[in-house]
Structure formats: C-alpha cells, structure tokens
Amino acid sequence: MPGPLFPSFARQVCLAALLTAAPISAFCGAADLPSIRGLLDAAGPTLTFSRLTVQTAPIRAFYAQRNFQPAWVSAAHRRETARDVLKNAASHGLDPEDYAVPRIADGLEPRTAPQLARLDIMLSTALARYGTDLREGRSTSLRPHRSRPPVSAATLLIGAAAAPDLHAYFAGLAPRSPQYRRLRQALSDYREIEKRGGWPLLPEGPLLRRGMHDGRVTVLRRRLAASKDLEGGDNRSLLFDAALESAIRRVQRRHGLTEDGIVGRRTRAALNVAVQYRLEQIRVNLERRRWMPDDPGGHYIFVNMADFTLKVVEGERTVLTMKVVVGTPYRQTPLFSADMTYIDFNPFWNIPRRIAVEEIIPKARESADYLERQGIRVLGSGVSQPSEIRHRDIDWGAAGGAFPYRLRQDPGPLNPLGRVKFMFPNQFEVYLHDTPSRELFARDIRTFSHGCIRLEKPAALATHLLPSLSMAEVEQIMGAEKRRVVRLAKPVPVHLTYLTAWVNKDGSVHFRRDVYDRDRTLAAALQKPATPLN
C-alpha cells in the first residue's frame with residue numbers, strides 16, 4: 001500500500017502537473033511523490049495526453065489487477081519497445097501523434113519517480129487506444145458494424161503486459177488477411193514514391209495512341225516509370241510504341257477504365273492524381289479493412305460498390321465475377337454483411353413507399369392506365385392476403401404522403417427486379433437482383449439503382465448457388481414467369497463493401513473513383529480525436 005500522501009492542496013497541484021506537460025519540479029517537492037494509484041485517483045473520469053483521451057476506469061482496472069505496479073518503465077528497453085510499437089502506427093496508415101508518441105519520446109528518460117509513474121500511465125493509455133484502433137478501426141462512428149467481439153482496454157493491456165514479444169502481440173491485433181498486408185505494403189511503396197518527388201503531370205492535348213510521335217510522350221514515360229507501370233526502354237523517346245500501349249492498358253485496368261491503350265481525358269485524369277491523394281486513399285481503405293472480419297467465410301459473395309463488381313469466393317479462389325449496378329449518390333447502397341438464405345425466381349416487386357410516393361403516384365396522376373400498363377397492382381394493408389383495390393377507384397389527385405395502400409408489380413419483362421432476386425434479409429431491404437436494363441452494364445460508372453444491386457449475370461449466380469440445377473434449368477425457371485422460391489442448402493455470407501484502393505495477388509495496386517464521396521468523410525474522421533475508450 002502507498003504511504004501517506006501530501007496535504008490536499010499541494011497534492012492536487014502536484015498531480016495536475018504530473019498529468020499535464022508542466023515541469024514537475026515547479027510544483028512538487030521530494031516528499032510529494034505520488035504513486036500510480038494516486039495519479040489515477042486524481043485524474044477524474046478521463047485521461048488526456050495531447051490528442052489522446054481514454055476513460056480512466058479501464059486503465060485503473062488494468063493497474064488494479066497488478067497491484068498498481070508499473071507495466072512498462074521498469075527497464076529502459078521495455079519502455080523503448082512500447083514507444084516503438086506506437087511509432088509503428090504509421091505503417092498501418094494511422095498517425096503516431098494520435099497515440100502521444102512525441103510526448104512519450106520527450107519523457108522516455110524520466111529522472112524522478114513521479115515522472116516514471118506518469119510515463120507508465122501514458123504508455124498504457126496510448127497502447128490501449130492503439131490496440132483497439134488496430135483491432136476494431138479508429139473511426140467507429142462510420143463503421144457499419146462491429147466485425148469482431150469487443151475486448152475491453154483493460155483486457156487488451158493485460159495481454160500486452162504478459163506478452164513476451166510486444167511487437168508480435170500488437171501485430172496480432174491488426175487484420176490478418178493477405179489483402180490488409182498487401183495494402184500496407186502499397187502504403188510503404190507509395191510513400192517512397194512521394195519521397196522521390198512523386199510523378200510529373202501529363203499536359204493537356206489531343207489523344208495519345210500507338211504509333212504517334214509527340215513531345216508529351218516523354219512526360220508520359222516518366223510518369224509511368226514512377227509508378228512502375230513501365231520499366232525499361234528509353235524515357236527520352238517521343239514514339240508511342242507497343243510497350244507504352246501495354247503500360248497504358250495496365251494503368252486503365254488498375255483504375256477501372258476501358259482498356260483501349262489510348263490516353264484520353266479520363267486516363268490522363270487518373271494519371272494526374274497526385275501521389276498524396278493516392279496515399280490518402282490507401283490510408284482510408286486500410287481503415288475499412290480494419291472494419292472487416294478476418295474470416296469472411298469459406299464460401300462467400302463479395303460486392304465492392306466502388307468497383308461495381310461482385311465476386312463469389314471459395315477458399316482463396318474467385319470462382320465467379322460479374323459487373324453490378326449500385327445505388328445513386330442520392331440513394332447509396334449501404335455497407336453491411338448478412339447471410340443469403342433463398343432465391344426468389346420471377347419475384348413480385350413490393351414497391352418501397354418512398355419510390356411509390358415520389359415516382360409512381362405522380363405518373364398515375366398523369367396517365368389513367370399507367371399502373372395497368374406497368375402491371376402494378378394496388379393492395380390493401382393486409383400482409384398475408386392483401387385485398388386488391390381497383391386503381392380506377394382511387395383519387396390519385398389526392399394521393400400523396402398519406403397514401404394508405406401498397407403498390408406491387410407483377411413478374412414480367414417490365415419488373416425492375418428482372419427474373420430473379422437473391423435474398424439475404426437485412427434492415428435496409430437491400431438485395432441482389434436481375435434487371436431488364438442490360439445496357440447499363442456497358443458503363444464504367446454504374447450508379448443507377450435505388451439502393452439494391454443489379455446483376456450482370458444473375459443466371460450464372462443462381463446456377464452456382466443451386467448446384468443441383470444446370471444453367472439451362474435455371475434459365476427455364478426464370479423464363480416461366482411463375483414465381484418460385486428456392487431455399488439454399490446452406491446460408492452464404494454476403495459482404496457489401498466500399499473499397500477505393502486495394503492490391504491484387506499479382507501486386508497490382510488498384511484505385512477507383514470515390515463515387516459516394518466517402519473517402520473524404522472518412523479521412524476527416526481519422527484526423528479527429530477518437531471517442532474515449534471505456
């Protein structure tokens with residue numbers, strides 16, 4: 001147990017100095033050296049060091065289980081290792097200053113017992129925050145859901161204090177997926193590009209294509225060499241040759257552009273994005289990876305809205321890929337994960353109320369036979385067996401926000417759900433489905449839906465998920481215009497994600513346009529102080 005503490009007023013003044021940046025000698029005498037317990041008793045509900053704030057309670061719980069003995073400062077190498085662990089935050093796209101690293105470095109050579117106590121508490125506070133951020137993500141207000149069971153700061157610190165290798169312990173808290181590791185390597189590589197001065201901007205001008213001689217070609221060669229899309233060759237050459245065309249196709253593939261080997265407006269715009277912006281994209285996507293589960297499932301469906309692509313994955317293999325159409329910027333497709341449990345062939349479309357009020361009812365006012373032509377029925381409020389209301393009996397001029405009926409469209413060629421929808425029940429009422437608007441899949445940017453996800457190859461997905469049926473049998477069911485619901489033998493996880501930067505297995509770094517403007521929001525959140533741990 002600690003000895004008697006100093007008088008109340010002197011004690012409070014001294015402790016205020018210990019928990020701030022003020023010099024201890026200005027306030028505390030040799031007889032006024034408080035313990036770790038004393039510091040925590042005087043700290044109030046939160047501990048704050050620079051931009052770092054943590055609830056006092058879990059830090060106190062950690063020290064209570066070790067009888068308030070120091071965890072990190074008993075040996076110089078131990079506290080230096082703890083500092084180095086925190087400095088490594090930069091390699092994860094996190095800011096070491098958010099973990100008080102400069103202040104810890106300044107106090108790493110304490111000369112008095114109070115300084116040792118304060119340093120130990122500061123290290124515990126920083127390590128708790130850092131470990132939680134690695135494990136769960138830092139910007140929890142934007143995290144769509146918690147992918148891992150919560151672990152208290154006290155539990156995390158108890159494990160850290162007992163770990164024989166502190167670096168290995170914290171490395172184990174970060175995502176273990178190969179996708180995360182590859183993106184961290186890309187962060188390191190692009191930081192090296194930044195140190196070398198980035199890359200040159202390609203000037204405006206006519207299209208550049210194979211066979212042309214143009215002064216801008218030398219700039220283009222240097223730009224591609226900087227990102228390692230073009231290696232070897234004479235960067236002084238003015239000729240747009242076959243090697244340069246191949247490099248441009250690679251750039252277009254990495255940026256989700258049409259692979260024609262021609263440098264037009266969109267390709268030039270992608271090339272001219274500054275390396276600093278690419279680094280920011282990598283940082284925010286590392287955060288998104290921290291939101292994801294380590295184990296997405298042995299067999300799962302992965303939709304990247306920013307890439308407008310769906311992939312079906314078995315183990316480490318992608319067995320099916322297709323284009324998708326996602327929500328507009330005004331009706332964005334949400335981020336979440338859920339289990340697909342059944343497939344609905346030739347489905348009815350129960351028209352969401354917002355769409356009914358904003359889009360369907362105004363058209364019914366303009367044309368008396370609009371609903372009939374579209375195969376849309378007006379139903380009463382009953383759920384199991386709703387009664388049908390004759391649409392000609394409704395005063396559409398008075399219909400609006402208080403519309404007491406439901407609208408449902410019959411299966412058929414006009415139904416926007418197409419011939420099949422794939423159901424994974426969720427709070428957002430979002431699902432995957434076919435579409436009669438096939439022409440939209442030819443677009444590079446495919447943000448046209450009300451929030452659900454339209455599929456380029458729905459029959460292929462249904463055939464994959466129902467192995468007892470052939471493609472011909474699935475297409476026959478889809479063409480029958482008769483509703484049929486088929487339950488899956490085993491639920492399949494569906495992960496709806498939004499990634500604007502990732503690295504493929506071949507090491508190619510991919511970037512996509514931030515069509516929902518979510519990168520900027522997340523980057524701003526990462527720069528703000530995190531919510532205090534509890």
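Everything that follows concerns the structure shown earlier in this document.
What counts and how
- Position numbers for residues count from 1 along each chain, tracking the sequence in the order it is written.
- Per-residue local features are limited, in this predicted model, to residues with pLDDT of at least 70; the limit for side-chain atom pairs, both in listing and counting, is 80 or more; totals at the level of whole chains, interfaces and linings are taken over all residues.
- Only heavy atoms go into the side-chain values, all of them from the structure, while hydrogens and water stay out.
- Secondary structure is summarised from DSSP: a helix means a run of H or I of at least four residues, a strand means a run of E of at least two, and numbering begins at the N terminus for each.
- In these tables, accessible area is a Shrake-Rupley quantity obtained with a 1.4 Å probe, and a residue counts as shielded only by the protein chains included in the view.
- Only four residue types enter the tally: Lys and Arg on the positive side, Asp and Glu on the negative side, with His and both chain ends excluded.
- Think of each charge as sitting on NZ of Lys, CZ of Arg, CG of Asp or CD of Glu.
- The span one expects for a helix is its residue count, reduced by one, times 1.5 Å.
- Exposure classes here rest on a 1.4 Å probe applied to the protein chains alone. A residue is buried below 20% of its type maximum, exposed above 50%, and partly exposed in between.
- Read the arc as the range of directions from the helix axis to the C-beta atoms.
- Contact criterion: two residues are considered in contact whenever any of their non-hydrogen atoms come within 4.5 Å of each other.
- Helix axes use the C-alpha atoms of the stretch in contact, all axes being lines fitted to C-alpha atoms, and the angles between their N-to-C directions lie in the range 0 to 180 degrees.
- Each angle is binned into one of four classes, with values under 35 degrees roughly parallel, values over 145 roughly antiparallel, values of 65 to 115 roughly perpendicular, and all other values oblique.
- Three categories are distinguished: nonpolar for Ala, Val, Leu, Ile, Met, Phe, Trp, Tyr, Cys and Pro, charged for Asp, Glu, Lys and Arg, and polar for the others, with Gly belonging to the last.
- In plain words, nonpolar cores are sets of buried Ala, Val, Leu, Ile, Met, Phe, Trp, Tyr and Cys residues tied together by side-chain atoms within 4.5 Å.
- By definition, two strands form a pair when at least two bridges between them are found by DSSP.
- Salt bridges are defined as contacts in which a side-chain nitrogen from Lys or Arg sits within 4 Å of a carboxyl oxygen from Asp or Glu.
- Polar contact is the term for a pair of N or O atoms within 3.5 Å; when the atoms are in protein, one must be able to donate a hydrogen and the other to accept it, and sequence-neighboring residues count only if both atoms are side-chain atoms.
- Stacked, edge-to-face and tilted are the three classes for Phe, Tyr and Trp ring pairs, Trp counted by its six-membered ring, which pair at centre distances within 6.5 Å; planes under 30 degrees apart are stacked, over 60 edge-to-face, the rest tilted.
- Here, a charge over a ring is recorded when the distance from Lys NZ or Arg CZ to the ring centre is within 6 Å and its angle to the ring normal is within 35 degrees.

**Q** Give me the lowdown on the overall build of the protein chain, citing residues and values where you can.
**A** The helix and strand tally for the protein chain stands at 18 helices and 17 strands. Carbon and sulfur atoms form 51% of the exposed surface of the protein chain, whose accessible area is close to 25100 Å². The averaged location of the 55 negative side-chain charges in the protein chain is 2 Å from the averaged location of its 77 positive side-chain charges.

**Q** Can you tell me about helix α9 (residues 178-195), naming the residues and giving the values?
**A** When the terminal C-alpha atoms of α9 are compared, their 26 Å separation across 18 residues agrees well with the 26 Å that a helix rising 1.5 Å per residue should span. Within the span of α9, buried status applies to Tyr180, Leu183, Ala186, Leu187, Tyr190 and Ile193. Looking down the long axis of α9, one finds its buried residues gathered within 125° of arc, a one-sided arrangement. On its buried face, α9 is in contact with α6 (113-136), α10 (216-226), α11 (242-254), α13 (275-291), β16 (501-503) and β17 (509-511). Positive backbone phi, at 100°, marks Gly197, one or two positions downstream of α9.

**Q** Could you give an account of the packing of α13 against helix α18 (residues 518-527), with specific residues and numbers?
**A** At a minimum axis separation of 10 Å, α13 and α18 run at an interaxial angle of 80°. By the angle class used here, α13 and α18 are roughly perpendicular. Residues Glu280, Gln281, Arg283, Val284, Glu287, Arg288 and Trp291 of α13 lie in contact with α18, whose contacting residues are Arg518, Asp519, Leu522, Ala523 and Leu526. For the contact of α13 with α18, the residue count by class is five nonpolar, one polar and six charged.

**Q** Describe the nonpolar core, with residues and values.
**A** Core analysis: the largest hydrophobic core is formed by 68 residues, its most contacted members being Ile301, Phe345, Trp396, Phe422, Leu432 and Leu461. In this structure, Ile301 is in contact with Leu310, Lys311, Val312, Met340, Leu432, Leu461, Leu465, Val492, Pro493, Val494 and His495, ignoring residues within four places of it in sequence. Residues Leu39, Leu52, Ala154 and Leu166 belong to the second largest nonpolar core, which totals 61 residues.

**Q** With reference to specific residues and values, describe the sheet that holds strand β10 (residues 406-409).
**A** Sheets are built from strands paired through backbone hydrogen bonds, the pairs being either parallel or antiparallel. Taken in spatial order, the four strands of this open sheet run β7-β10-β8-β9, and their pairing is antiparallel. Of all strands in the sheet, those bounded by a partner on one side alone are β7 (349-350) and β9 (388-389). In this sheet, β10 lies alongside strand β8 (residues 376-379) in antiparallel orientation, the contact comprising four bridges. Its bridge partner being in β10, Leu379 is matched across the sheet by Arg406.

**Q** Which residues make up the pattern of salt bridges, and what values go with them?
**A** Counting across every chain of the model gives 34 salt bridges. Put simply, Arg51 and Asp98 hold a salt bridge, and the shortest N to O gap is 2.6 Å. With Arg51 in the loop between β1 (46-49) and β2 (52-55) and Asp98 in the loop between α4 (76-87) and α5 (101-106), this residue pair connects regions lying 47 residues apart in the sequence. Its relative accessible area of 2% is what places Asp98 among the buried residues. Its salt-bridge partner being Arg283, residue Glu280 comes within 3.3 Å of it at the nearest N-O pair. Pair noted here: Glu280 and Arg283 are both in helix α13, with a separation of three residues, about one helical turn.

**Q** Please give an account of unusual backbone geometry that cites residues and values.
**A** If a residue is not glycine, its phi is most likely negative; likewise, a peptide bond is most likely trans. Located in the positive-phi region is Asn67, a residue other than glycine, with phi close to 60°. Position of Asn67 among the secondary structure elements: in the loop between α3 (56-64) and α4. Although it is not a glycine, Glu429 adopts a positive phi angle of roughly 55°. If you trace the backbone, Glu429 turns up in the loop between β11 (420-423) and β12 (432-433). Owing to a relative accessible area of 61%, Glu429 belongs among the exposed residues under this scheme.

**Q** Would you mind going over the side chain of Asn415 in detail, with residue names and values included?
**A** By secondary structure assignment, the location of Asn415 is in the loop between β10 and β11. The class for Asn415 is buried, based on a relative accessible area of 1%. A distance of 3.2 Å separates a polar side-chain atom of Asn415 from the backbone oxygen of Asp410. Among all residues touching Asn415, those that are not within four sequence positions of it are Pro347, Phe348, Trp349, Gln409, Asp410 and Pro436.

**Q** Explain the environment of Ala128 residue by residue, including any values.
**A** With respect to the element layout, Ala128 can be found in helix α6. It is 5.3 Å that separates the C-alpha atoms of Ala128 and Ala153, two residues lying 25 residues apart in sequence. Those residues within four positions of Ala128 in sequence are excluded, and the remaining contacts are Ile59, Ala153, Leu156, Leu157 and Leu533.

**Q** Mind laying out the side chain of Thr333, listing which residues take part and the relevant values?
**A** Mapped onto the elements of the fold, Thr333 is located in the loop between β5 (317-327) and β6 (336-345). At 2.8 Å, the side chain of Thr333 forms a polar contact with the backbone oxygen of Gly451. The residues touching Thr333, leaving out its near neighbours within four places in the chain, are Met305, Val326, Gly327, Val430, Gly451, Cys452, Ile453, Leu496, Tyr516 and Arg518.

**Q** Could you give me a rundown of the environment of Val85, with the residues and numbers involved?
**A** Among the secondary structure elements, Val85 is positioned in helix α4. Val85 gets classed as buried once you look at its relative accessible area, which sits at 2%. Measuring from C-alpha to C-alpha, the distance between Val85 and Leu127 comes to 8.3 Å, with 42 residues separating the pair along the chain. Among all residues touching Val85, those that are not within four sequence positions of it are Leu127, Tyr130, Leu166, His167 and Phe170.

**Q** An account of the packing of aromatic side chains is requested, with residue identities and associated values reported.
**A** As enumerated under the stated definition, the model contains eleven aromatic pairs in all. With centroids separated by 5.4 Å and ring planes inclined at 80°, the aromatic side chains of Phe403 and Tyr405 adopt a geometry described as edge-to-face. Residue placement shows Arg278 over the ring face of Phe511; its charged tip is 4.6 Å from the ring centre.

Function cannot be inferred from these measures alone, as they are strictly geometric.
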